[in-house]
Amino acid sequence: MNRIQKVFEEKETDSKLMSLFLTAGFPDLDATVDLILGFEKNGADIIELGMPFSDPLADGPTIQYSSDTAIKNGVTMNHIFDMVQKVRTQSDIPIVLMGYINPVLHYGIEKFCQKANEVGVDGLIIPDIPIEEGSIIENDAREYELSMIYLVAPNTTDERMKQADEKSEGFVYCVSVTGVTGAREGEEVSKSVNRFIERVRQNINHNPVMIGFGIKTHEDANDIALNADGFIVGSALIDNIKSNYPGDDWKKNIFSFVHSLKYGD
Amino acid sequence: MTQTNTKPYNFPDARGYFGSYGGKFVPEILIPAIQALEQEYLKAKDDPEFQKEFHGLLKEYVGRPTELTFANRLTEHYGKAKIYLKREDLCHTGAHKINNAIGQVLLARRMGKTRIIAETGAGQHGVATATACAKFGLDCIVYMGEEDMVRQKLNVDRMELLGAEVRSVTSGSRTLKDATNEAIRDWVTNVDDTFYIIGSVVGPHPYPAMVRNFHEVIGKETQRQIQEAEGKSPNYLLACVGGGSNAIGFFYPFIEEKSIRIIGIEAGGLGVDSGKTAATITKGSPGVLHGSLSYLLQSKEGQIELAHSISAGLDYPGVGPEHAHLKDLGRVDYYSITDAEAMEAVKLLSKKEGIIPALETAHAFAWLEKLMPETSEGEIVIVNCSGRGDKDMKTISENL
């Protein structure tokens, strides 16, 4: 059983797992490891570590900003592997690398998967690899024991949800609304999300489901993830980092935000 | 690599691949949209009514067929092969782009989509899309890099006059690549009612094939016209390549005629090794951008690099996947021309033929300097004169 499966296995029935997205190298190169460890202490169950890309076409302004900043900070794929390796000396939190395919392709897919496995990465989320294009990476991911996590959206057909379930391992990533990443008004999301999650539950039986896009508070998470196994926060966390960094106690403030996301104020 | 394959050229395959290139590398949210588009396009392609309407508009509205003009003074200037020009600059709106815009607007209407979005670099595709939307009464939003809006002010004014909303893109390099990102983000957000009219043979399947097919009329007319004028096939075809739509439309019907040498010219910018270039095939390597796998200009970390060209329409760090495939097959040769060489070609064509070419188009003409000495009398060169230069007068004046 890998670390992702284990964390779902150990989850208490009524609780929700919290997965946090952080762009590696944002807000600076040195902070990433500390932030991940602090997130874990304050309630994070899974970390999605973003591999920045110059052209993040499924992302809104917030993650465009963190990606740009990380690239300007000079983050490389090898830095990202180093960060994971450092976290692994102190923590067993599941780490999923998330990012667009081009930097992975350029690094060399097999070499990438091998290295990711070596440093202790558990899975991959690649938003511009739909099921149709999965063959470009699936064999190497399997070979190096990395879980492929596919996404489903409100406009995904039942048939494709079943395929995403079959191809995914660890969990399936449910995108709550059609649109780019970014914090939204909770109401905008929760209105339509129940019907979507109902359909997800009918079609996805092998994997737990995590829901993301538009969650920015504990209350949003409760509403939106009501019938999911957990929730994902990305843009709201990046926004919080952006507003605190580099003020006094910036990490402390961020960790308290993370704590409130999971447990309420 | 030389071509050893004797099977007929028939790409893309069912997965949308041209050999190793192409595919549909898009977020899940867009999959239903591109599947619906593919289904509808395949139906329309074989629907005589659709074809009749499309070709009717190309005739009555675009002004096709465009002429094939013998360039007598340019031919005299080089004193070798005869040079002909395929006059896409005579199309309504001033470039070939309108063929594709009309085709896609007809499809959008068939699919009941009421909101059209497009990206534009030089503004030619934006103008063509705005024009087609005006003709059919559809809402039109064009994404354009802030930088390009300054360089191509005239086209911004044209689009607005045609009733389109031009949205300034301030992310990234503020050019075509970023305008494309923003258009895709809009599409992801408004996928239900929105049709994305891509302006070149790029993007996820079925766009590269569909856009090619809307432009293949260029090559088909040329085939017929050169037979009428000379009673034989040309020896050389020459076109500029940014994303590559004018080139592929011109080349495609000739691909099986193996005796014809086909040449695509990229924008070398300040020189292919200067770091300021848009010569994607010459200088790039395979990667994924904007939904397909093709050659890209990218850093050692796989980040997309900024392209540079004097011509906004060629200023793109990617290229259509079919060009990548034709390059690997060895069927088309790709070279590059610098900004300065393109400017010289603008002057030469203007003085010798009374035709001011677009800066994009001038790249193809500039290659005549290298090609013509290798040719001989009795041979025929056809250059795709893809667009006219009025829109570039500001840049041209600054560089004279």
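See the structure printed just above.
Residues numbered from 1 in each chain as written. Chains lettered and ligands numbered in written order. Predicted model: local features only at pLDDT ≥ 70, side-chain atom pairs only at ≥ 80, totals over all residues. Heavy atoms only, no water.

S.K.: How would you sum up the pairing of strand S2 (residues 46-51) of chain A? Please name residues and give values.
M.R.: Within a regular strand, the side chains alternate between the two sheet faces. All names here are of chain A. Of all 6 residues in S2, 6 are buried; the element is thus mostly enclosed. Both faces of S2 are covered, namely the face carrying Ile 46, Glu 48 and Gly 50 and the face carrying Ile 47, Leu 49 and Met 51. Alignment of strand S1 (residues 17-23) against S2, held across 5 bridges, turns out to be parallel. The residue bridging Leu 22 from the neighbouring strand is Leu 49, located in S2. What joins S1 to S2 is helix H2 (residues 31-41), and the crossover it makes is right-handed. Bridge count between S2 and strand S3 (residues 95-99): 5 bridges; the pairing is parallel. Among the inter-strand pairings, Ile 47 is bridged to a residue of S3, identified as Ile 95. (Buried < 20%, exposed > 50% of the residue type's maximum accessible area, 1.4 Å probe, protein only. Helix = DSSP H or I, 4+ residues; strand = E, 2+ residues; numbered from the N terminus. Pairing = 2+ DSSP bridges. Right-handed = clockwise from strand over helix to strand, strands pointing away.)

S.K.: For the interface of chain B and chain A, give the residues involved together with the corresponding values.
M.R.: Counting residues at the interface gives 36 residues for chain B, matched by 36 residues for chain A. The closest approach of N and O atoms between Arg 15 of chain B and Glu 133 of chain A, which form a salt bridge, is 3.4 Å. There are 21 residue pairs in polar contact (both at pLDDT 80 or more) connecting chain B and chain A. Listed by contribution, the elements that provide at least two residues to the side of chain B that touches chain A are helix H1 (31-45), helix H8 (176-189), strand S11 (285-289) and strand S12 (292-296) of chain B. Ranked by residues supplied to the side of chain B that touches chain A, first place goes to H8 of chain B with 8 residues. Across the side of chain B that touches chain A, the residue classes break down as 15 nonpolar, 12 polar and 9 charged. (Contact = heavy atoms within 4.5 Å. Salt bridge = Lys/Arg side-chain N within 4 Å of Asp/Glu carboxyl O. Polar contact = N/O pair within 3.5 Å; in protein donor to acceptor, adjacent residues only side chain to side chain. Nonpolar A, V, L, I, M, F, W, Y, C, P; charged D, E, K, R; others polar.)

S.K.: Mind laying out the layout of surface pockets, listing which residues take part and the relevant values?
M.R.: In this model, the largest pocket occupies a volume close to 440 Å³. Contributing to the lining of the largest pocket are 25 residues, with Ser 54, Asp 68, Ile 71 and Lys 72 of chain A together with Gly 172 of chain B lying nearest its centre. For the lining of the largest pocket, the elements supplying multiple residues, two or more each, are helix H3 (61-72) of chain A together with H8 of chain B. The element contributing the most residues to the lining of the largest pocket is H3 of chain A, with 8 residues. Across the lining of the largest pocket, the residue classes break down as 7 nonpolar, 11 polar and 7 charged. Reported here for the second largest pocket is a volume of approximately 290 Å³. As for the second largest pocket, its lining consists of 18 residues, and the residues nearest its centre are Val 7, Glu 10, Glu 40, Ala 44 and Asp 45 of chain A. Those elements that provide at least two residues to the lining of the second largest pocket are helix H1 (3-9) and helix H12 (250-263) of chain A. When grouped by side-chain class, the residues that make up the lining of the second largest pocket number 6 nonpolar, 2 polar and 10 charged. (1 Å grid on protein atoms, 1.4 Å probe; cavity = no way out; pocket = protein on both sides within 12 Å on 5 of 7 lines; lining within 4 Å. Points joined across faces, edges and corners; volume = space filled by probe spheres on them.)

S.K.: Please give an account of the sheet that holds strand S3 (residues 68-70) of chain B that cites residues and values.
M.R.: All names here are of chain B. In space, the 6 strands of this open sheet follow the order S3-S4-S14-S9-S10-S13, with mixed pairing throughout. Because the sheet does not close on itself, it has two edges, and the strands there are S3 and strand S13 (332-338). On average, each strand axis in the sheet is tilted by 25° relative to the strand beside it, whichever way the strands run. Both S3 and strand S4 (residues 82-87) contribute to a ladder of 3 bridges, which runs antiparallel. Pairing of Leu 68 across the sheet is with Lys 86, part of S4. On the sheet, helix H10 (residues 217-230) packs against S3, S4 and strand S14 (380-385) and is oriented at approximately 140° with respect to S4. Contacting S3, S4, strand S10 (261-269) and S13, helix H14 (residues 339-353) crosses the sheet at an angle of about 95° to S13. (Axes fitted to C-alpha atoms, helices over the stretch in contact; angles between N-to-C directions.)

S.K.: Which residues make up the sheet that holds strand S8 (residues 194-197) of chain B, and what values do they have?
M.R.: Residue and element names in this part refer to chain B. On the basis of which strands lie adjacent, the open sheet formed by 4 strands has the order S7-S6-S5-S8 and parallel pairing. On the outer flanks of this sheet lie strand S7 (165-169) and S8, each paired with one strand and no other. On average, each strand axis in the sheet is tilted by 25° relative to the strand beside it, whichever way the strands run. For strand S6 (residues 139-145) and S7, the ladder comprises 5 bridges, and the chain directions are parallel. Bridging from a neighbouring strand, Val 142 pairs with Val 166 of S7. The sheet strands contacting helix H4 (residues 97-110) are strand S5 (115-120) and S8, and the helix crosses S8 at an angle near 165°.

S.K.: Requested: an account of the state of the cysteines, with residues and values cited.
M.R.: Residues and elements named next belong to chain B. On inspection of all chains with the given rule, the structure shows 0 disulfides over all chains. Unpaired in terms of disulfides, Cys 385 finds its nearest cysteine sulfur in Cys 240, a separation of 9.5 Å. According to the relative accessible area criterion, Cys 385 is buried, its value standing at 0%. (Disulfide = S-S within 2.5 Å.)

S.K.: Before we move on, can you summarise the packing of helix H5 (residues 124-136) of chain B against helix H7 (residues 153-161) of chain B with the specific residues and values?
M.R.: Residue and element names in this part refer to chain B. Where H5 meets H7, the closest approach of the two axes is 9 Å, and the angle between their N-to-C directions is 10°. By the angle between their axes, H5 is roughly parallel relative to H7. In contact with Gln 124, Gly 126, Val 127 and Ala 130 of H5, H7 contributes Asn 155, Arg 158 and Met 159. Tallied by class, the residues present in the contact of H5 with H7 amount to 3 nonpolar, 3 polar and 1 charged. (Parallel < 35°, antiparallel > 145°, perpendicular 65-115°, else oblique.)

S.K.: Break down the packing of aromatic side chains for me, citing the residues and quoting the values.
M.R.: Taken as a whole, this structure holds 21 aromatic pairs over all chains when the rule is applied. Ring geometry for Phe 250 of chain B and Phe 254 of chain B: centres 6.5 Å apart, planes at 70°, overall edge-to-face. With a relative accessible area of 1%, Phe 254 of chain B lands in the buried category. These aromatic residues form a ring-pair network of at least three members: Phe 81, Tyr 107 and Phe 112 of chain A. Residue placement shows Lys 242 of chain A over the ring face of Tyr 65 of chain A; its charged tip is 4.2 Å from the ring centre. Geometry around Phe 70 of chain B places Lys 82 of chain B over its ring, the cationic atom sitting 5.4 Å from the centre. (Phe/Tyr/Trp six-rings, centres within 6.5 Å; stacked < 30°, edge-to-face > 60°. Lys NZ or Arg CZ within 6 Å of the ring centre and 35° of its normal.)

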